[in-house]
Amino acid sequence: MYKISKHAMMRMSQRAVRNGYVDLVQTYGTQIGPVEWFMRDKDVKREVENLKRIYRQLERTMKGGRQRFERALKRSVQQLERLRGLKVVVDSDSVITSYWPSDVYQRRARRNNRPRR
């Protein structure tokens, strides 16, 4: 968990970015700079496919509770879809800001930046 600066807290509330989104972007997104993380279309697609693969594997062993699991899967996919294009700036242990960059920036990030994992 990260400390959230006053600036980040204000901006996150204005931009409807929840605290948990920062962790998700850092976990599943792409690092595009020393302190910047970006959730690309490719990242979302990869994680949605992983969730669906896990669901198919578990589906064979499930007898009851299938609807509940399908709803949880659907919620997880929707949450990942919401994160598409979100950029988070984290310096050491505190969140500086987060935002959805312009389309021009997103295209440039997709074209020029390589994953640094």
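The sections below set out a description of the structure shown in this document.

Calculation criteria
Note that residues are indexed from 1 along each chain, following the sequence as it is written. This being a predicted model, a pLDDT of at least 70 is required before a residue's local features are given, and a value of 80 or more before pairs of side-chain atoms are given or counted; all residues contribute to the totals for chains, interfaces and linings. Think of the side-chain values as coming from all heavy atoms in the structure, minus any hydrogens and water. Patch definition: residues above 30% relative accessible area lacking any salt bridge, with like charges linked at up to 9 Å and the nonpolar side chains Val, Leu, Ile, Met, Phe, Trp and Tyr linked at up to 5 Å. Method for areas: the Shrake-Rupley scheme with a 1.4 Å probe, in which residue coverage is limited to the protein chains shown. We define a salt bridge as a side-chain nitrogen of Lys or Arg found within 4 Å of a carboxyl oxygen belonging to Asp or Glu. Asp and Glu count as negative and Lys and Arg as positive, but His and the ends of the chain are not part of the count. The location of each charge is read from NZ of Lys, CZ of Arg, CG of Asp or CD of Glu. In this text, helices come from DSSP runs of H or I with a minimum length of four residues, and strands from runs of E with a minimum of two, each type numbered from the N-terminal end. Three exposure classes are used, based on accessible area relative to the maximum for each residue type with a 1.4 Å probe and protein chains only: buried under 20%, partly exposed in between, and exposed over 50%. Definition of a polar contact: a pair of N or O atoms within 3.5 Å, with one able to donate and the other able to accept a hydrogen when the atoms are protein atoms, and with sequence-neighbouring residues admitted only if both atoms are side-chain atoms. We call two residues contacting when some pair of their heavy atoms lies within 4.5 Å. Pairing of aromatic side chains here covers Phe, Tyr and the six-membered ring of Trp, requires ring centres within 6.5 Å, and sorts the geometry by plane angle: under 30 degrees stacked, over 60 edge-to-face, intermediate tilted.

Here's the deal with a positive patch on the surface
Taken together, the side chains of K52, R53, R56 and R60 make up a positively charged region of the molecular surface. Looking at the secondary structure, you find R53 in helix α3 (residues 41-59).

Structural notes on the side chain of K87
Along the chain, K87 turns up in strand β4 (residues 87-91). The class of K87 is buried, set by a relative accessible area of 4%. One polar contact links K87 to E36, side chain to side chain, over a distance of 3.2 Å.

Things to note about the environment of E59
Mapped onto the elements, E59 comes out in helix α3. E59 gets classed as partly exposed once you look at its relative accessible area, which sits at 26%. Along the backbone, E59 and E70 are eleven residues apart, and their C-alpha atoms lie at a distance of 9.6 Å.

Considering the environment of V48
Among the structural elements, V48 can be located in helix α3. When sequence neighbours within four positions are dropped, the list of residues in contact with V48 reads V77, L80 and E81.

What to know about the packing of aromatic side chains
Counted according to the given criterion, the structure contains one aromatic pair. Ring geometry for Y55 and F69: centres 5.4 Å apart, planes at 15°, overall stacked. In this pair, Y55 sits in helix α3 while F69 sits in helix α4 (residues 66-82), placing the two residues 14 residues apart along the sequence.

None of this, on its own, says anything about what the molecule does.
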